[in-house]
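# Observations on the model geometry
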Amino acid sequence: MARQPPVGAALGGGGARGAAHIGVLQAFEGNGVTLAAIAGTSAGAVIGAMYAATLDAGWVRERYLSYLKSETFRSLGTHHILREQDGKDSFLNQVGRFVKDRMVISLAARRHGIIDRQKLVNAIRFLLPAGSFDELKIPLYVTSTDLNSGEEIIADRGDLVEAVVRSSSIPGFVKPLETGDQIVVDGGVSSPVPVRALQKGEVEITVAVDVAKSVRLTGLNSGAQISSSPQGGKLPRMLCLNSTG
């Protein structure tokens, strides 16, 4: 039997759309693909951590659905803040989005947030069955961003909950963490899809999953793009699953 080359998944951010990562993980399992490592940012870090701890996409789905029905989710308040409008983009929706964007920028500049950080910590603890990277079944790389330098921060050891919270701290919505000369915020600021984080591992093929827009995929081959490493680059072969609209 031919050896399966080590496959890694880079799960991007995308807010509520991050739940689509669960479907990708189910597709991997359904096609007999075993992941050797995962990198995640923001929502991708949450789903990636849940899967790396269990290697069970069905469990991840059920736990996520349980979370959406929980008081922990309602207390976070994101169902009011992040709700999107369906249908046409009306003038009132555009005005509302303009005001919200300006408010977020103002709050980020003042280093405040709309969501209480402890509530985000409680939400992540509810979702994750592990508290440390040492408890995971496969390597996981969680990305966040230093707002001062703009550089990507990659966590792969220590406190798993704290790493995922940092990766999910959207500027303007969650107060950033100030540590030393760093101001740490959402990983999507520096790397919306954390492909390069997987360079720390031993994967030969990287599947990059971008859920920033509506995703319409019927299988692993639908809407996929194959790209090779840039000349002189160190990135592994990459399969990109992204939006088709």
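Here goes a summary of the coordinates provided.

Calculation rules
Residues numbered from 1 in each chain as written. Predicted model: local features only at pLDDT ≥ 70, side-chain atom pairs only at ≥ 80, totals over all residues. Heavy atoms only, no water. Core = buried A, V, L, I, M, F, W, Y, C linked by side-chain atoms within 4.5 Å. Buried < 20%, exposed > 50% of the residue type's maximum accessible area, 1.4 Å probe, protein only. Axes fitted to C-alpha atoms, helices over the stretch in contact; angles between N-to-C directions. Helix = DSSP H or I, 4+ residues; strand = E, 2+ residues; numbered from the N terminus. Left-handed = near helix turned anticlockwise from the far one by under 90°. Contact = heavy atoms within 4.5 Å. Nonpolar A, V, L, I, M, F, W, Y, C, P; charged D, E, K, R; others polar. Polar contact = N/O pair within 3.5 Å; in protein donor to acceptor, adjacent residues only side chain to side chain.

Within the largest apolar cluster, 47 residues are counted, with the highest numbers of intra-cluster contacts made by L35, I124, L128, L136, L140, L160 and V164. Y141, V195, V203 and A208 belong to the second largest nonpolar core, which has 9 residues in total.

Axes are the key here: two packed helices are described by the angle between their axes and the distance separating the axes. Contact geometry for helix 3 (residues 57–68) and helix 7 (residues 117–127): axes closest at 10 Å, N-to-C directions at 140 degrees. Between helix 3 and helix 7 the crossing geometry is right-handed. Between helix 3 and helix 7, the residues in contact are W59, R63, Y64, S66 and Y67 and A123, F126 and L127, respectively. Here the contact of helix 3 with helix 7 is composed, by residue class, of 6 nonpolar, 1 polar and 1 charged.

Further remarks concern the environment of L127. When you line up the elements, L127 lands in helix 7. Spatially, the C-alpha atom of L127 lies 7.0 Å from that of Y67, the residues being 60 residues apart in sequence.

Turning to the side chain of S132, a few remarks are in order. By the element assignment, S132 lies in the loop between helix 7 and strand 3 (140–146). Owing to a relative accessible area of 18%, S132 belongs among the buried residues under this scheme. For S132, the side chain forms a polar contact with the main-chain nitrogen of D134, separated by 3.1 Å. At 3.4 Å, the side chain of S132 forms a polar contact with the backbone oxygen of G158. Ignoring any residue separated from it by four or fewer positions in sequence, one finds S132 in contact with G158 and L160.

As far as function goes, none of this settles anything; it's purely spatial.
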